[in-house]
Amino acid sequence: MTTAAGRGTVGTLPDGLGDAIRDTAAEIAAMLSGAADTGIAVPGSEWTLGEAAAHLAQANELMADIAAGRERRHGDGTPQSLAAANALALAGFAERGAGPLAAMIVEQAEAFLGAVAARDAREDREPAGTGEPLHTPLGPMDLATLGSYLLTHMLGHGWDLARALRRSHMVDRRRVELTLPFLITAMPRVLDASAAAGLTARYEIRLRGGAAFGVTLTDGRPVVEARPPERPDCTILTEPVAFLLMALGRRGPWGAMARGGVLAWGRRPWLAPRFPTLFVAP
């Protein structure tokens, strides 16, 4: 068995998550290191390349601090407060250079993994059940879910940076499946109450060739579970990369359906296009 800071991670983090965090940070850094101009626009964003990279470096540091047990406050869990906290943090952080930001992204991803290893070693010496949830920008999470959150965040912004630089992105099926613990935890917290108002429906969400989970709404109140519901009203089969991009607000449902990335069936298949609109990307 290797530690959470080593290759082939097991233990607190699910198998493969530590490697995915490390590899994603390294691939983003490699992209950034070749950028001559960090003032270029990021497509679909108000940020420049340098601002997006600075946000990513700061977010990695935030996650590493939380994993290490340091108290950090960043918004109140709503998408609006997170956006305001991000803007405030960026305003107080002047670095926009590609090289320093690339190094910081990698350094803070490693700091997160080091904090996981240290916490694992500490909890091995404590009685079972003494570990407390960590306070994150999207509510309490265990360490494995926080790792999934870190990976999800890097993949979303890594996609943005790749588009800005016209480079290949690093989002793939294996990494998307590792984002599911975070997404399942976060979805009820980012529900658009007005879009979901009055809706009663059972959704089964399947990733093509992989995992599935369930979302049940009762008069607009959501329950998200790692297992699909019995007798779903609408089953949505999604290509994994398309799923993550829709979940993070990078792609709309109609474009994904037009590309063949989404199929739907069941007693109420017309509910499928509505599903992505029920949530506001964090």
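Just so it is clear, the structure is predicted and the values come from calculations on it, not from any experiment.

Asks: I'm lost on the environment of Val-241 in this one. Help?
Replies: Relative to the helices and strands, Val-241 resides in helix 8 (residues 240-247). Looking at Val-241, the relative accessible area reads 14%, which means it is buried. Look past the residues within four positions of Val-241 in its chain and what remains in contact with it is His-169, Val-171, Asp-172 and Val-176.

Asks: Got a minute to help me understand the nonpolar core in this structure?
Replies: Burial of nonpolar side chains together is a common tendency in soluble globular proteins. Counting 84 residues, the largest nonpolar core has Phe-112 and Tyr-203 as its most contacted members. Those residues in contact with Phe-112 that sit more than four places away from it in its chain are Ile-21, Met-63, Ala-64, Ala-67, Leu-143, Leu-146, Gly-147 and Leu-150.

Asks: Before we go on, may I ask you to explain helix 3 (residues 79-91) in this structure?
Replies: Residue pairs three or four apart in sequence face the same way in an α-helix, which turns once every 3.6 residues. The first and last C-alpha atoms of helix 3 sit 18 Å apart over 13 residues, in line with the 18 Å expected at 1.5 Å per residue. All of the buried residues in helix 3 are Pro-79, Ser-81, Leu-82, Ala-85, Asn-86 and Leu-90. With its buried residues spanning 170 degrees around the axis, helix 3 presents them on a single face. Exposed positions of helix 3 whose direction lies more than 90 degrees from the buried face are Gln-80, Leu-88 and Ala-91. Where helix 3 is buried, its residues meet helix 2 (49-67).

Asks: What's the story with the pattern of salt bridges in this structure? I'm lost.
Replies: Opposite charge on two side chains permits them to pair, given that their charged atoms come into close proximity. Taken as a whole and assessed by the stated rule, the structure comprises 10 salt bridges. Here Arg-175 ties to Asp-172 by a salt bridge, and the two come within 3.4 Å at their closest N and O atoms. For Asp-172, a relative accessible area of 26% puts it in the partly exposed group. Among the salt bridges present, the one from Arg-267 reaches Asp-233, with a minimum N-O distance of 2.9 Å. Separated by 34 residues along the polypeptide, Arg-267 in the segment after strand 7 (262-265) and Asp-233 in the loop between strand 5 (221-225) and strand 6 (234-238) bring together distant segments of the chain. Owing to a relative accessible area of 8%, Asp-233 belongs among the buried residues under this scheme.

Asks: Even after reading the chapter, I still don't get the sheet that holds strand 7, so can you show me in this structure?
Replies: The strands making up a sheet associate through hydrogen bonds between their backbones, and the pairing can be parallel or antiparallel. If you trace the five strands from one edge of the open sheet to the other, you get 5-4-3-6-7, paired in mixed fashion. Each of the sheet's edge strands pairs with one partner strand only, and the pair in question is strand 5 and strand 7. The mean angle between the axes of side-by-side strands here comes to 20 degrees, regardless of whether they run parallel or antiparallel. In this sheet, strand 6 lies alongside strand 3 (residues 201-207) in parallel orientation, the contact comprising five bridges.

Asks: What's the story with the packing of aromatic side chains in this structure? I'm lost.
Replies: Two aromatic rings, taken as a pair, are described by how far apart their centres are and by the angle between their planes. In the structure shown here, the tally under the stated rule is four aromatic pairs. Ring geometry for Phe-213 against Phe-243: centres 6.0 Å apart, planes inclined by 65 degrees, an arrangement best described as edge-to-face. On the criterion of sequence distance, the pair formed by Phe-213 in strand 4 (residues 212-218) and Phe-243 in helix 8 is long-range, its members being 30 residues apart. Judged by relative accessible area, which is 7%, Phe-243 ranks as buried. In textbook terms, an aromatic cluster arises when at least three aromatic residues are bridged by ring pairs, as seen for Tyr-203, Phe-275 and Phe-279.

Asks: Would you take a moment to explain unusual backbone geometry for this structure?
Replies: Comment: phi is negative for the bulk of residues other than glycine, and the bulk of peptide bonds are trans. Although it is not a glycine, Arg-166 sits at a positive phi angle of roughly 55 degrees. The backbone of Arg-231 shows a phi angle near 50 degrees, a positive value even though the residue is not glycine. Position of Arg-231 relative to the elements: it lies in the loop between strand 5 and strand 6. Residue class for Arg-231 comes out exposed when judged on its relative accessible area of 58%.

Asks: Can you walk me through helix 6 (residues 173-186) in this structure?
Replies: Between its terminal C-alpha atoms helix 6 stretches 20 Å, which fits the 20 Å expected from 14 residues at 1.5 Å a residue. Where helix 6 bends most, at Leu-180, the angle is about 40 degrees, and the proline Pro-181 comes one to four residues later.

Asks: Help me out: how do you make sense of the packing of helix 1 (residues 17-33) against helix 6 in this one?
Replies: Packed helices, taken two at a time, are described by the angle between their axes plus the distance between the axes. Contact pair helix 1 / helix 6: the axes reach a minimum separation of 11 Å and the direction vectors enclose 120 degrees. Viewed along their axes, helix 1 and helix 6 adopt a mutual orientation that is oblique. Our pair here, helix 1 against helix 6, has a crossing hand that is left-handed. Across the interface between the two elements, Leu-17, Ala-20, Asp-23, Thr-24 and Glu-27 from helix 1 touch Arg-174, Arg-175 and Leu-178 from helix 6. Within the contact of helix 1 with helix 6, the residues separate by chemical class into three nonpolar, one polar and four charged.

Criteria and thresholds
- Residues numbered from 1 in each chain as written.
- Predicted model: local features only at pLDDT ≥ 70, side-chain atom pairs only at ≥ 80, totals over all residues.
- Heavy atoms only, no water.
- Helix = DSSP H or I, 4+ residues; strand = E, 2+ residues; numbered from the N terminus.
- Buried < 20%, exposed > 50% of the residue type's maximum accessible area, 1.4 Å probe, protein only.
- Contact = heavy atoms within 4.5 Å.
- Core = buried A, V, L, I, M, F, W, Y, C linked by side-chain atoms within 4.5 Å.
- Expected span 1.5 Å × (residues − 1).
- Arc of directions from axis to C-beta.
- Salt bridge = Lys/Arg side-chain N within 4 Å of Asp/Glu carboxyl O.
- Pairing = 2+ DSSP bridges.
- Axes fitted to C-alpha atoms, helices over the stretch in contact; angles between N-to-C directions.
- Phe/Tyr/Trp six-rings, centres within 6.5 Å; stacked < 30°, edge-to-face > 60°.
- Bend = angle between axes of the 7 residues up to and from the residue.
- Parallel < 35°, antiparallel > 145°, perpendicular 65-115°, else oblique.
- Left-handed = near helix turned anticlockwise from the far one by under 90°.
- Nonpolar A, V, L, I, M, F, W, Y, C, P; charged D, E, K, R; others polar.

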